[in-house]
Amino acid sequence: MASVEQIMKEALTLPSAARALLAEKLVESLEFDVEETLQTLWTDEAKKRRDEVGSGAVSPIPGEEALARVRQLLE
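The following refers to the structure shown. (Residues numbered from 1 in each chain as written. Predicted model: local features only at pLDDT ≥ 70, side-chain atom pairs only at ≥ 80, totals over all residues. Heavy atoms only, no water.)

A closer look at the overall build of the protein
Thought 1: Within the protein, the regular secondary structure consists of 4 helices and 0 strands.
Thought 2: Counting from the amino terminus, helix and strand elements in the protein follow one another as α-α-α-α.
Thought 3: Its C-alpha atoms give the protein principal-axis dimensions of roughly 35 × 30 × 30 Å.
Thought 4: Split into buried and exposed, the 75 residues of the protein put 4% on the buried side.
Thought 5: Carbon and sulfur atoms make up 59% of the accessible area of the protein, which amounts to about 6800 Å² in all. (Helix = DSSP H or I, 4+ residues; strand = E, 2+ residues; numbered from the N terminus. Buried < 20%, exposed > 50% of the residue type's maximum accessible area, 1.4 Å probe, protein only. Areas by Shrake-Rupley, 256 points an atom, 1.4 Å probe, with all protein chains shown as cover.)

Here it is in structure tokens:
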């Protein structure tokens, strides 16, 4: 069986739309112990962001770059 790290590497090579769909399915597969309204809000936000990437309104950046930016902001 492939490791999580191997699966992540392969997933990151997928086109943006495919990664967005994969992310949506992974989030849906999680069992949240949260209020239904909050879960609906998060699902709506994820779909909105997926649509923004799909339409070209925003351009995704690699996860490592995003984390580096966050680390810089926290310093």
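Points about the pattern of salt bridges
Thought 1: Under the criterion given, the structure shown has 6 salt bridges.
Thought 2: Here Lys-48 makes a salt bridge to Glu-45, at a shortest N to O gap of 3.6 Å. With Lys-48 and Glu-45 both in helix H3 (residues 36-55) and 3 residues apart, this pair spans about one turn of that helix.
Thought 3: Salt-bridge contacts for Glu-45 lead to Arg-49; the nearest nitrogen and oxygen are separated by 2.8 Å. Highlighted residues: Glu-45 and Arg-49, both in helix H3, separated by 4 residues, approximately one helical turn.
Thought 4: We classify Glu-45 as partly exposed; its relative accessible area is 25%. (Salt bridge = Lys/Arg side-chain N within 4 Å of Asp/Glu carboxyl O.)

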